[in-house]
Amino acid sequence: MSSQVLIEQTSGRAFAALIRAHAAATRHLSAQLSTDHGLTLSDYEVLLRLARASDRRMRRVDIAEEVLLTASGITRLLDGLEQSGFVERASCATDRRVVYAVLTDPGLDKLREASRSHLAQIDALFRARLDDEELAGLTTLLTRLDEGEDEMACEPPPD
């Protein structure tokens, strides 16, 4: 077997392990977040992005791009957050085609409430499997794959 084939097999195994680990972690954390707070991981991420945005508002199309959802997917997600009172729609004064999603005070409160247990659950999930050195190494390796995206913390901004 050639060294190129071995490299490709190793890369393929690494990618498959990454996908399986992502799926397992997502299932586990999503179930806990839903049970404890009635939020999906996508809900949490949207609330987090809005909390970190200027004036706690973003164009809906920009949110969809950042959380990797289709236009219809972000509409459904934001409709649910609006019905819960966590997000509201706002128009753009200069361009009627633009619609913003704005994080409400109850939405920020919900995010802060959820973040306390969610961050503890993330920590427990990783620390049950990795020591400090392994966790630092994993972070370094995964950061190389993110194509220079801005790092986003998992917790909301401070008061």
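Rules used throughout
Residues numbered from 1 in each chain as written. Predicted model: local features only at pLDDT ≥ 70, side-chain atom pairs only at ≥ 80, totals over all residues. Heavy atoms only, no water. Phe/Tyr/Trp six-rings, centres within 6.5 Å; stacked < 30°, edge-to-face > 60°. Lys NZ or Arg CZ within 6 Å of the ring centre and 35° of its normal. Helix = DSSP H or I, 4+ residues; strand = E, 2+ residues; numbered from the N terminus. Buried < 20%, exposed > 50% of the residue type's maximum accessible area, 1.4 Å probe, protein only. Lys, Arg positive; Asp, Glu negative; His and termini not counted. Salt bridge = Lys/Arg side-chain N within 4 Å of Asp/Glu carboxyl O. Contact = heavy atoms within 4.5 Å. Patch = residues over 30% accessible without salt bridge, like charges linked within 9 Å, V, L, I, M, F, W, Y side chains within 5 Å. Areas by Shrake-Rupley, 256 points an atom, 1.4 Å probe, with all protein chains shown as cover. Pairing = 2+ DSSP bridges. Axes fitted to C-alpha atoms, helices over the stretch in contact; angles between N-to-C directions. Expected span 1.5 Å × (residues − 1). Polar contact = N/O pair within 3.5 Å; in protein donor to acceptor, adjacent residues only side chain to side chain.

Student: Just to check I follow, could you spell out the packing of aromatic side chains for this structure?
Tutor: By convention here, two paired aromatic rings are described through the distance between centres and the angle between planes. One pass over the full model with this rule turns up 0 aromatic pairs. Sitting above the plane of the Y100 ring, R57 keeps its charged end 5.0 Å from the centroid.

Student: In this structure, what is going on with the side chain of D43? I would like to understand it.
Tutor: Tracing the sequence through the fold places D43 in helix α2 (residues 41-52). No salt bridge is formed by the buried D43; its nearest oppositely charged neighbour, K110, is found at 9.3 Å. In contact with D43, not counting residues within four places along its chain, are G38, L77 and L81.

Student: How should a nonpolar patch on the surface be read in this particular structure?
Tutor: Together, F15, L18, I19, L142 and L145 give the surface a local cluster of nonpolar side chains, amounting to about 480 Å² of exposed area. Element by element, the count of residues in the nonpolar patch is highest for helix α1 (residues 3-37), at 3 residues. Assignment of secondary structure puts L142 in helix α6 (residues 132-144). Given the relative accessible area of 38%, L142 is considered partly exposed.

Student: Looking at this structure, how should I read the sheet that holds strand β1 (residues 57-59)?
Tutor: Strand pairing in a sheet is mediated by backbone hydrogen bonds. Such pairs are either parallel or antiparallel. Spatially, 3 strands are ordered β1-β3-β2 in an open sheet, and the strand pairing comes out antiparallel. Strands with a single pairing partner mark the edges of an open sheet, and in this sheet they are β1 and β2 (87-91). Each adjacent strand pair in this sheet contributes to an overall mean axis angle of 30°, direction not counted. Here 3 bridges tie β1 to strand β3 (residues 99-103), and the two strands are oriented antiparallel to one another. By the bridge assignment, R57 is partnered in β3 with V102. Running at roughly 110° to β2, helix α4 (residues 71-83) makes contact with β2 and β3 of the sheet.

Student: Help me understand α6 in this model?
Tutor: Spacing of three or four residues puts side chains on the same side of an α-helix, whose turn is 3.6 residues. The terminal C-alpha atoms of α6, which comprises 13 residues, lie 19 Å apart, in line with the 18 Å expected from a rise of 1.5 Å per residue. For α6, the N-terminal cap is D131; the gap from its side-chain oxygen to the backbone nitrogen of E133 is 3.1 Å.

Student: Before we go on, may I ask you to explain unusual backbone geometry in this structure?
Tutor: When glycine is set aside, most residues are seen to have a negative phi, and most peptide bonds are trans. At D55, a position not held by glycine, the phi torsion is positive, near 60°. Along the chain, the position of D55 falls in the loop between α2 and β1. Given a relative accessible area of 64%, D55 falls into the exposed group. In this structure, R56 is a non-glycine residue whose phi angle is positive, near 55°. The class of R56 is partly exposed, set by a relative accessible area of 22%.

Student: Is there a simple way to think about the pattern of salt bridges in this case?
Tutor: Pairing is possible between side chains that carry opposite charge, provided their charged atoms lie close to one another. In total, this model carries 10 salt bridges according to the counting rule given. Across the pair R60 and E82 runs a salt bridge, and its minimum N-O distance is 2.9 Å. One end of the pair, R60, is in helix α3 (residues 60-66); the other, E82, is in helix α4, with 22 residues separating them in the sequence. Given the relative accessible area of 9%, R60 is considered buried. Among the charged side chains, a salt-bridge network with shared partners connects R60, D79, E82 and R89.

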